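# A structural walkthrough
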2 protein chains.
Amino acid sequence: MSALDTALHGLRSLIADSALRPGDRLPSEGELCEQLGVSRGSLREAIRMLAALGVLETRHGSGSYVSELRAADLIGSLSLTVGLLPMEGVLELTELRRALEPHATALAASRIDEQTLDHLDGLLDANEATADLDEQSRIDHEFHMTIAEVAGQDALTSLIGVLRSRSRSYRMSDPGDAAELKLHSDAGHRAILRGLREGDPVAAAAAASAHVAYTEYWVKKNSGSV
Amino acid sequence: MSALDTALHGLRSLIADSALRPGDRLPSEGELCEQLGVSRGSLREAIRMLAALGVLETRHGSGSYVSELRAADLIGSLSLTVGLLPMEGVLELTELRRALEPHATALAASRIDEQTLDHLDGLLDANEATADLDEQSRIDHEFHMTIAEVAGQDALTSLIGVLRSRSRSYRMSDPGDAAELKLHSDAGHRAILRGLREGDPVAAAAAASAHVAYTEYWVKKNSGSV
DNA sequence: ATGACAAAGTCGTCCTACGAATTGGAACGG
DNA sequence: CCGTTCCAATTCGTAGGACGACTTTGTCAT
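Thresholds, definitions, all that
Residues numbered from 1 in each chain as written. Chains lettered and ligands numbered in written order. Predicted model: local features only at pLDDT ≥ 70, side-chain atom pairs only at ≥ 80, totals over all residues. Heavy atoms only, no water. Helix = DSSP H or I, 4+ residues; strand = E, 2+ residues; numbered from the N terminus. Rg over C-alpha atoms; globule rule 2.2 N^0.38 Å. Near = heavy atom within 4 Å. Polar contact = N/O pair within 3.5 Å; in protein donor to acceptor, adjacent residues only side chain to side chain. Nonpolar A, V, L, I, M, F, W, Y, C, P; charged D, E, K, R; others polar. Contact = heavy atoms within 4.5 Å. Buried area = accessible area lost by both parts, 1.4 Å probe. Salt bridge = Lys/Arg side-chain N within 4 Å of Asp/Glu carboxyl O. Expected span 1.5 Å × (residues − 1). Bend = angle between axes of the 7 residues up to and from the residue. Buried < 20%, exposed > 50% of the residue type's maximum accessible area, 1.4 Å probe, protein only. Axes fitted to C-alpha atoms, helices over the stretch in contact; angles between N-to-C directions. Left-handed = near helix turned anticlockwise from the far one by under 90°. Phe/Tyr/Trp six-rings, centres within 6.5 Å; stacked < 30°, edge-to-face > 60°. Lys NZ or Arg CZ within 6 Å of the ring centre and 35° of its normal. Parallel < 35°, antiparallel > 145°, perpendicular 65-115°, else oblique.

For the rest of this paragraph, the subject is the overall build of chain A. Helix and strand content of chain A: 11 helices and 2 strands. Reading chain A from its N terminus to its C terminus gives the helix and strand order α-α-α-β-β-α-α-α-α-α-α-α-α. A globule of 226 residues ought to have a C-alpha radius of gyration of about 17 Å, yet chain A, at 22 Å, is considerably larger. Counting only C-alpha atoms, chain A reaches 65 × 40 × 30 Å along its principal axes.

Here we take up the protein's contact with DNA strand C. In the neighbourhood of DNA strand C, 24 residues make up the surrounding shell, with E29, R40 and R44 of chain A together with A3 and S39 of chain B lying closest. Contact distances for DNA strand C include 2.8 Å between a base nitrogen and a side-chain N or O atom of R40 of chain A. Between DNA strand C and H60 of chain B there is a distance of 3.2 Å, counted from a base nitrogen to a side-chain nitrogen or oxygen. Of all the secondary-structure elements, those providing two or more residues to the surface near DNA strand C are α3 (40-52), β1 (56-59) and β2 (63-66) of chain A together with α1 (3-16) and α3 (40-52) of chain B. Counting residues per element, the surface near DNA strand C draws most heavily on α3 of chain A, at 3 residues. Here the residues of the surface near DNA strand C are counted per class, giving 3 nonpolar, 14 polar and 7 charged.

Our focus in this paragraph is the protein's contact with DNA strand D. As a structural note, the neighbourhood of DNA strand D is formed by 23 residues, with A3, S39 and H60 of chain A together with R40 and R44 of chain B the closest of them. Each atom of DNA strand D within 4 Å of the protein was assigned to sugar, phosphate or base; sugar and phosphate come to 71%. With respect to DNA strand D, the backbone of A3 of chain A contributes an N or O atom lying 2.6 Å from a phosphate oxygen. Contact distances for DNA strand D include 3.2 Å between a base nitrogen and a side-chain N or O atom of R40 of chain A. Every element with two or more residues in the surface near DNA strand D is listed here: α1 (3-16) and α3 of chain A together with α3 and β1 (56-59) of chain B. The greatest single-element share of the surface near DNA strand D, amounting to 3 residues, is contributed by α3 of chain B. Residue composition of the surface near DNA strand D, by class: 3 nonpolar, 13 polar and 7 charged.

Moving on to the interface of chain A and chain B. On the side of chain B, 39 residues touch chain A, which itself brings 39 residues to the contact. The largest per-residue losses of area from chain A upon contact with chain B belong to E45, L53 and L84 of chain A, which jointly make up 17% of the total buried on that side. Put simply, R48 of chain B and E45 of chain A hold a salt bridge, and the shortest N to O gap is 2.8 Å. Remark: the boundary between chain A and chain B carries 10 residue pairs in polar contact (both at pLDDT 80 or more). Elements that contribute at least two residues to the side of chain A that touches chain B include exactly α1, α3, α4 (71-76), α5 (79-82), α6 (87-109) and α9 (154-167) of chain A. For the side of chain A that touches chain B, the element with the most residues is α6 of chain A, which contributes 10 residues.

Here we take up helix α6 (residues 87-109) of chain B. All names here are of chain B. Between the first and last C-alpha of α6 there are 32 Å, a value that for 23 residues agrees with the 33 Å anticipated at 1.5 Å per step. Bending of α6 peaks at approximately 30 degrees at the position of R97. Counting buried positions along α6 gives 20 out of 23 residues, so the element sits mostly inside the fold.

This part is about the packing of α6 of chain A against helix α8 (residues 133-150) of chain A. Residues and elements named next belong to chain A. One can describe the packing of α6 onto α8 by two numbers: an axis separation of 7 Å at closest approach and a directional angle of 65 degrees. Of the two possible hands of crossing, α6 and α8 adopt the one that is left-handed. Seen from α6, the contacting residues are E101, A104, T105 and A108; seen from α8, they are H144, I147, A148 and V150. Of the residues belonging to the contact of α6 with α8, the class tally is 5 nonpolar, 2 polar and 1 charged.

Residues and elements named next belong to chain A. Going through the model one piece at a time under the given rule, you end up with 6 aromatic pairs over all chains. Geometrically, the ring pair formed by Y217 and W218 is edge-to-face, given 5.5 Å between the ring centres and 70 degrees between the ring planes. The class of Y217 is partly exposed, set by a relative accessible area of 44%. Since its relative accessible area comes to 2%, W218 is described here as buried. These aromatic residues form a ring-pair network of at least three members: Y214, Y217 and W218. Residue placement shows R59 over the ring face of Y65; its charged tip is 3.8 Å from the ring centre.

Residue and element names in this part refer to chain B. At their nearest, the axes of α6 and helix α10 (residues 175-197) sit 8 Å apart, and the two run at 40 degrees to each other. Looking at the two axes, α6 sits oblique to α10. When the axes of α6 and α10 are compared, the crossing they make is right-handed. Together, T105, A108 and A109 of α6 and I192, G195 and L196 of α10 make up the contact between the two elements.

See the structure below:
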């Protein structure tokens, strides 16, 4: 086994065996090098890998710590990489959204409170009023992420956020298409909000499903980027 | 910006800007050090991070290469870390399965062929016949992953695999409970297969949903590990 | 008690050196 | 001319040392 694997496996075992628990500080790099029998360079590479995956966090001058190991955080580590996916990959992710967003919307329908409903309503008003594409994108994102948060499943919210972060950056190349998309999109948002306000999980989920499917249709048709 | 961030951002940009495409070989470490203006150690740490996330692959003596950047592979990188999640985290993941597995099962219902149906049937026969817990676990895994594959969405299959890989390792502490679980579990499997064979996506999805919910119930009730 | 300060500990970065694996081409034999 | 063998160059893997940057802690003077 290579030195890097030794270090990686060693660190992973320390956590898996609960010798190190969430929030704990790791021994210093020097100590770990001795314990695991690898050089500092190899050890640091292993630490970086676990840090990239959201398992460890390193603080300069202080030490390395085991993260809280929340499912949402580990899933969030994907956000660094989904931005590199080619077009086909984005469509695969959209397919995941077709399963997740209706689910989240249905959950939200039975938990959402009056105040949040009003907030969402205000977002849609603002979205329909502005012509700024960046602003529309920002509001759209907040609308959907708010619903995901209301669903109350952190891992679900995080995953939806990761998946949305990619399709979000696409723009219609044809202005006419963009206008048509916005028209349908606004209607879709209203339908979702209606389902939420009526506390109707089935209606809300159906509206969310249609909304994602419609988005997917346009992304597929219009492969413009950035 | 730290040297590590410089290297990380530099590599990421090379891929994002399509200067490096899937399958391409990166310049040697020495060249990259010059280009990016960082030491070899820092560069290697950045490479390791991207490798951990499934973006790069390094081959000893040959060089580092950009991966195929398939969504399924990037999602698969989570499998190294979900094994470290505590109990609460596993329940969060099960909640995700409640959305994903019915979706996959519904898709599978409209695509599955006779041969695969017979294969699944054989798996259930074998599962009901054996008393070996490891064997049951293996068959259960193959049954569900086969359905996920038939759904034809690689990213979905990969994600379900990652999520299942965790709950899979749990065992009932009480033998009576285990027997009861198996009884219901077998019935659930049969219900799913029935839906698939009849090409009924709604029935299949409902059966899958009930199956996951039932699993979740037992995992919640019985917090035994390993 | 409070604040500034100094010292120790820890991570961040760079450098050099050499071992291990792969690769490509040259030399050889057919 | 073709195939094989072997060597040398290239590249990654690992180790160790050195020093700077940052944090933490404890001390000291106010």
